[in-house]
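Observations on the three-dimensional arrangement
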Amino acid sequence: MAAALGRWALGLALCCLLGASLAVDRGNFKTCEQSGFCRRQRRVQPGHSPYRALLESLELGPDVARMRLVNEVTQVPLLLELWGLSGNVTRLRIQELNPLRPRYQVPDVLMGEPPAERLEVTGRDEGTLELALGPGGHRLLVTERPFRLDLLRHRELLCSVNARGLLVFEHQRRRRDSLADKVSSVWDRIKSLFRRDPPKDAPGEEGAAQEGAEDGAGGTQGEKPAEPPAEPEEEPGAWEETFKTHTDSKPYGPTSVGLDFSLPGFEHVYGIPEHADNLRLRPTEGGDPYRLYNLDVFQYEVFTPMALYGSVPLLLAHRPRLSLGLFWLNAAETWVDIGSNTAGKTLFGKLLDYMQGGGETPQTEVRWMSESGVIDVFLLLGPRPGDVTAQYGRLTGTQALPPLFSLGYHQSRWNYQDEADVEAVERGFEEHELPLDVLWLDIEHADGKRYFTWDPAKFPNPRGMLERLAARKRRMVSIVDPHIKVDGGYRVHSELRALGLYVKTKDGNDYEGWCWPGSSAYPDFTNPEMREWWANMFAYDQYEGSTEALFTWNDMNEPSVFSGPEVTMHKDARHYGGWEHRELHNIYGLYVHKATAEGQIRRSGGRLRPFVLSRAFFAGSQRYGAVWTGDNTADWDHLRISIPMCLSFGLAGLAFCGADVGGFFQNPGAELQVRWYQAGAFQPFFRAHAHLDTARREPWLLSPEHLAMVRAALRRRYALLPTWYTAFYRCHRQGIPVMRPLWMEFPEDPQTFAMDDQYLIDRVLLVHPVTEPGARGVNVYLPGEGEVWYDDETHEQHRAPQTLYVPVTLSSIPVYQRGGTVIPRQDRPRRSTEAMKNDPFTLYVALSPQGTAEGDLYLDDGVSFDYATKNAFLHRHFSFANGTLTSSSADPRGSMSSPAWLERVVILGVGRPDSALLTHDGSQTPLHFQHDPERSVLTLRRPGVPIGADWSISLR
């Protein structure tokens, strides 16, 4: 064993050395055909569903309807539960009525049991039942045979469930491998040779596949037929499955679930991150489905449905006047097929259909397939895009409000070598006048990759290092991964082993695999006791050398197991409560993230907000911090794909997203590095990071010309931090993404539906990063009938809608402020967010064609929970109408003193006034101003009022 591990480690080392030239090895990861349950489910073809709804079994409670379903081939009964939830959400759950053992239902994701509306039977005839789902006008039609659900709003069909007959529920059964079973099977075959008539209701090819393609004895737990059908043969791999050199024992046999959803009128669907693909999901006919299975994928490819580090089983659909969401609450390996009746048709073909009057109504088919668990689905019924994201936010929580410093710039690499290196890098930012908030340390900072420790030779005085950073108003992040070095002298390992808090093998031993420290054990974060222990490790007296200035990075938490199948944990490993890893794999990383964030909160007595970056994620991870797109590559494709990836993250609740600036693998050229800084400055999480084998790439190593461009991008980021922070507060309160696709704000404009090379920050800024080498211009689409957009730097006006060709140089970042908005900025260059805390503000008021504008500013202390526990915040509302700009409280509950004041007001799209009069505290003061007639820009200088005060400025 030791020799084998040694050879494996040597191979790994070679991979690391060759990392710059290698791409993902697809052979390490399964295709659908190599995944037994996906292969079985995909064999089920539409039509001829064996499931029937027993309408007479309906039990209608005050907030839930229950009825039985039965598979008419196997006679196995299922339980269907239906809820109409408040806020335009419908929930359906299907599970076994009499399971041999409990099936996993995902805990700790929902914010509690969602409040339900009262259900009512409003119609019934032979074979159909109608339920009213609360007061919103939504009705659910239940069809008996084959079982089908149709969800309507008034007379409009929104969604159909099992319309294609692809419901699959592989019921639990006992393995047919005993001698008696084998004899019985042989006898059944002999009898079948002499049977004159075929058995009634014998399973055909499709019926057999419905229960897992030759699934075994299902039992006759429901209504028993006079003569149950003979049991089919088990498919190879149903009870044991091998991939490469790894065998999955599958002791409970095949238990997969699947269901189809039909979305009439929809051609555009989004979501289900994480995939390195376009924002709009593509039809998957003829290829693999989109896979949701958290994996450590080395140097991943782009434009592929392959699984990556995180999984959120939320899909959104949009068409003019309606947006919907499907939230499939299942933490097992999941595949999602997308079908479309317009797939493959050219634009000319669609136009021909329209002209001939014979075109089909567009429809998208979505098919979910999971390896285990139950079917638990939330239908988010919008109807507007922001309603869908808010509905999801109410179910799973909204993005945690990040501490302000975390919205600044982060500098990282694998690895800054020692305290002197850290000091030199931090000094470089000072000397070159580059703002910086956080320096990062990767795995080499720890003593032999023993997390919660420091290498005594390289980092002998971590507390002093952190205190020096804090004195300059900066912070540090260190990595803490969830694989623990197997070393009897390592306190973390010895305590976890003694407490029995590691994941177990199927045989009950501590699960061990190979990761960065060598032989590693894996804490069972599904165990509340383990999470409690982990959280306590972040106390200052437990994590030696830590201070308030140290925050955390959870990497490798898929979990990554170099020696495991698909570079992750064996599916038959055992967790707290006896659950197999297969049942909860995708939620493991969330639990690591959760425990780490809780530890940071606890170390301050519950006072200070945490900052934790996690690579793996699941639905609900947004409550615990930030995520990023993982180990990308320094090429133009990865720069381009970072935009749709982060847009997809945001739609799924993960608003605090970014990509490694410059690319993790390989070395970017100067042009690519500059363009990536420009793009990163306009993404929520802004961090440069690089692989151990890449050349050093701190910004000042560029030429002076390119360094100036990076400095300009960094300063634009910092100037806009008030806008970013206000947008994050709105996201935290309302669940609407910070970085969002254009169709969310312009839902009636089909030109925006597939756009993913430009986007909005909040509703106020349109950004089109330059992502092509040697670009001399970009086409920017400015949406909004009758609207106007202003160039963020020149303030030139552009009427919408139009596609604008914008000439660019290497210093250009095409950004446009939306007419009718007010943006707060802090334009004085500083070294960090904390250094600019009390700086004055400038308001950029961009007038609509009607001469109006609105905006807001949110402020708090930037670090604590006092905004929530003590209402210690300011939320100001700015409004311009009839020639007057006013500032008033947007939320009178908040109160906080701030020395910050208003330095300037810049009004775009206005003529020259005769005078400008400030009214504040009952007195009136004339203001000095300057007007640019060519650009129609008015600058009002030094109003001087406190930023938290009520005031008005009138132009006359």
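Anyway, here's the lowdown on the structure attached to this text. (Residues numbered from 1 in each chain as written. Predicted model: local features only at pLDDT ≥ 70, side-chain atom pairs only at ≥ 80, totals over all residues. Heavy atoms only, no water.)

Some thoughts on the overall build of the protein
Here is the rule we go by: Under the scheme used here, helices are H or I runs from DSSP no shorter than 4 residues and strands are E runs no shorter than 2 residues, and both carry numbers assigned from the N terminus. When a residue's accessible area, from a 1.4 Å probe over protein chains only, is under 20% of the maximum for its type it is buried; when over 50% it is exposed; and in between it is partly exposed. Residue contacts follow a heavy-atom distance rule, with two residues in contact if any of their heavy atoms lie within 4.5 Å. Areas reported as accessible are Shrake-Rupley estimates using a 1.4 Å probe. Residue values count occlusion only from the protein chains shown.
When helices and strands are counted, the protein shows 18 helices and 51 strands. Buried positions account for 62% of the 956 residues belonging to the protein. Partitioning the intrachain contacts of the protein with sequence separation of at least 6 by distance along the chain shows that 72% fall at a separation of at least 24. Put simply, the protein shows about 35000 Å² of open surface, and 51% of that area lies on carbon and sulfur atoms.

Digging into the pairing of strand β48 (residues 923-926)
To keep it simple, the criterion reads: In this description, strands pair whenever DSSP reports at least two bridges between them.
Taken together, the four bridges between strand β47 (residues 916-920) and β48 define a ladder with antiparallel strand orientation. Each residue of the ladder has a partner; that of Leu-917, found in β48, is Pro-926. Where β47 folds back on β48, the antiparallel hairpin that results is connected by two residues, among which Asp-921 adopts a positive phi of roughly 55°.

A short note on the state of the cysteines
Chemically, a disulfide is nothing more than a covalent bond linking the sulfur atoms of two cysteines. In plain terms, the rule: Whenever a pair of cysteine sulfur atoms sits within 2.5 Å, that pair is classed as a disulfide.
This model, assessed by the stated rule, comprises two disulfides. Across the disulfide, Cys-646 is cross-linked to Cys-657 (sulfur-sulfur distance 2.2 Å). In this structure the cystine formed by Cys-646 and Cys-657 twists about its S-S bond by roughly -75°; its chirality is therefore left-handed. One end of the pair, Cys-646, is in helix α13 (residues 636-651); the other, Cys-657, is in strand β30 (residues 657-658), and eleven residues separate them in sequence. For the pair formed by Cys-646 and Cys-657, the shared burial category is buried.

Notes on the sheet that holds strand β28 (residues 612-614)
How we decide: The convention used is that axes are lines fitted to C-alpha atoms, helices contributing only their stretch in contact, and that angles between N-to-C directions extend from 0 to 180 degrees.
Strand order in the open sheet made by the nine strands is β30-β29-β28-β27-β23-β22-β21-β32-β31, with parallel pairing throughout. Two strands in the sheet have a free side with no partner beyond their single neighbour: β30 and β31 (660-661). In terms of strand pairing, strand β29 (residues 626-628) meets β30 through two bridges, oriented parallel. Along β30, the bridge assignment pairs Trp-628 with Gly-658. Contacting β22 (438-441), β23 (475-479) and β27 (550-554), helix α8 (residues 462-471) crosses the sheet at an angle of about 140° to β23.

Concerning helix α14 (residues 670-680)
Within α14, nine of the eleven residues are buried, which leaves it mostly tucked inside the rest of the structure. Listed in full, the buried residues belonging to α14 are Leu-672, Gln-673, Val-674, Arg-675, Trp-676, Tyr-677, Gln-678, Ala-679 and Gly-680. The inward-facing, buried residues of α14 contact β21 (409-411), α13, β31, β32 (686-688), α15 (704-719) and β34 (759-761).

Topic: the nonpolar core
How we decide: Note on terminology: a nonpolar core comprises buried Ala, Val, Leu, Ile, Met, Phe, Trp, Tyr and Cys residues joined through side-chain atoms within 4.5 Å.
Ranked by size, the top nonpolar core spans 204 residues in total, and within it Phe-327, Trp-534, Ile-587, Phe-611, Val-845, Ile-907 and Trp-951 carry the most contacts. The biggest single contributor to this core is α13, with nine residues. In contact with Phe-611, other than residues within four places in its own chain, are Pro-403, Phe-405, Ser-406, His-410, Trp-440, Val-477, Phe-551, Thr-552, Gln-600, Ala-626, Phe-656 and Phe-685. Among the nonpolar cores identified, the runner-up in size contains 50 residues, and Ala-53, Leu-140, Ile-272 and Trp-368 belong to it.

What to know about the pairing of strand β40 (residues 815-818)
Here β40 shows a buried face lined by Val-815 and Gln-817 and a second buried face lined by Tyr-816 and Arg-818. Examined bridge by bridge, strand β35 (residues 765-767) and β40 share three bridges and lie antiparallel to one another. Each residue of the ladder has a partner; that of Leu-766, found in β40, is Tyr-816. Alignment of strand β37 (residues 788-791) against β40, held across three bridges, turns out to be antiparallel. Among the inter-strand pairings, Trp-789 is bridged to a residue of β40, identified as Arg-818.

A short note on helix α10 (residues 528-536)
Along α10, the residues that are buried comprise Met-530, Arg-531, Trp-533, Trp-534 and Ala-535. Those residues of α10 that are buried are in contact with β24 (484-485), α9 (491-499) and α12 (588-603).

Here we look at the sheet that holds β37
Reading across the sheet, the six strands line up as β33-β34-β35-β40-β37-β38 and stay open at both edges, with antiparallel pairing between neighbours. Lying at the two open borders of the sheet, with one neighbouring strand each, are β33 (739-740) and β38 (797-799).

Topic: the side chain of Ser-879
For Ser-879, the position within the fold is in strand β44 (residues 874-881). Those residues in contact with Ser-879 that sit more than four places away from it in its chain are Ala-853, Glu-854, Thr-884, Leu-885 and Thr-886.

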